[in-house]
Amino acid sequence: RKRVRLDGVYSAELSTNGDFDGNADGWSLGSGWSYNNGKISKISNSPSFISQAITFDAGKTYKVSYTTSNVLSGSVFSSLRGGGSNVNGSFFDSNGTYTDVLESTGNVAFAITASEDFYGSIDDISIKEIEHGGIIESPQCIDEKLNLNK
């Protein structure tokens, strides 16, 4: 089976203040996380997460993206949590902008979890429902980029 990427049609932004413009309002910051200069950063030596209450419909797929910077160690991953089984994204351990595609199990929160040794910053969190498109499996195609917005 090969993966086919589809450019999708997305809902409006579901996260609140994902760009941390002036503050971290709307986000719960776990142990070791703090707001500074338009980003949230973690420097403490304990695994913890940031989260926001968002209702995700079971069976629907969501595109999650965020930027990591100033990463010196450790890793982070995104997840849909609570209300159903947790749905985890990939682990990332360097500076960059990352995207996960996650299918909800009826979750009620979004989180980014950091490893105990994560030292770095998070910014530009975006969460959107994929209304059309996404990632599907196909035996005939190899990573073909298709555009459904024509």
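One structure accompanies this document, and this report is about it.

Definitions and limits used
- Residues numbered from 1 in each chain as written.
- Predicted model: local features only at pLDDT ≥ 70, side-chain atom pairs only at ≥ 80, totals over all residues.
- Heavy atoms only, no water.
- Core = buried A, V, L, I, M, F, W, Y, C linked by side-chain atoms within 4.5 Å.
- Buried < 20%, exposed > 50% of the residue type's maximum accessible area, 1.4 Å probe, protein only.
- Helix = DSSP H or I, 4+ residues; strand = E, 2+ residues; numbered from the N terminus.
- Contact = heavy atoms within 4.5 Å.
- Pairing = 2+ DSSP bridges.
- Phe/Tyr/Trp six-rings, centres within 6.5 Å; stacked < 30°, edge-to-face > 60°.

**Regarding the nonpolar core**
Right, so step 1: The biggest cluster of nonpolar side chains holds 25 residues, and the ones touching the most others in it are Tyr66, Phe110, Ile112, Ile122 and Ile125.
Right, so step 2: Where this core is concerned, the elements lending two or more residues are strand E6 (61-73), strand E7 (76-81), strand E9 (96-103), strand E10 (109-114) and strand E11 (119-138).
Right, so step 3: The leading source of residues in this core is E6, at four residues.
Right, so step 4: Once residues within four sequence positions are removed from consideration, Ile125 is found in contact with Glu13, Ser15, Gly18, Phe20, Trp27, Ile50, Ser65, Tyr66, Phe110 and Ile112.

**What to know about the sheet that holds strand E5 (residues 48-53)**
Right, so step 1: The strand order across the open sheet formed by five strands is E2-E5-E10-E7-E8, and the pairing between neighbours is antiparallel. Either end of the sheet is taken by a strand with one partner, and the two such strands are strand E2 (28-29) and strand E8 (87-88).

**Quick notes on the pairing of E10**
Right, so step 1: Taking burial as the measure, the six residues of E10 include six buried ones, the bulk of the element.
Right, so step 2: Looking at chain direction, E5 and E10 are connected through six bridges and run antiparallel. The residue of E10 that forms the bridge with Ala53 is Ala109.
Right, so step 3: With six bridges connecting them, E7 and E10 associate as antiparallel partners. Bridge pairing in E10 places Val76 opposite Ala114.

**A few points about the packing of aromatic side chains**
Right, so step 1: If you walk through the whole model with that rule in mind, you get seven aromatic pairs.
Right, so step 2: Here Phe92 and Tyr98 contribute two aromatic rings whose centre-to-centre distance is 4.0 Å and whose plane-to-plane angle is 15°, an arrangement assigned as stacked. One exposure class covers both Phe92 and Tyr98, and it is buried.
Right, so step 3: Following the ring pairs from residue to residue traces out a cluster consisting of Phe20, Trp27 and Phe110.

**Remarks on the pairing of E7**
Right, so step 1: Taken across its six residues, E7 has five buried, putting it largely inside the fold.
Right, so step 2: Note: E7 against E8, two bridges, orientation antiparallel. Bridge pairing in E8 places Ser79 opposite Asn88.
Right, so step 3: Once E7 ends, the chain turns through five residues before running back antiparallel as E8, passing Gly82 with a positive phi of about 65°.

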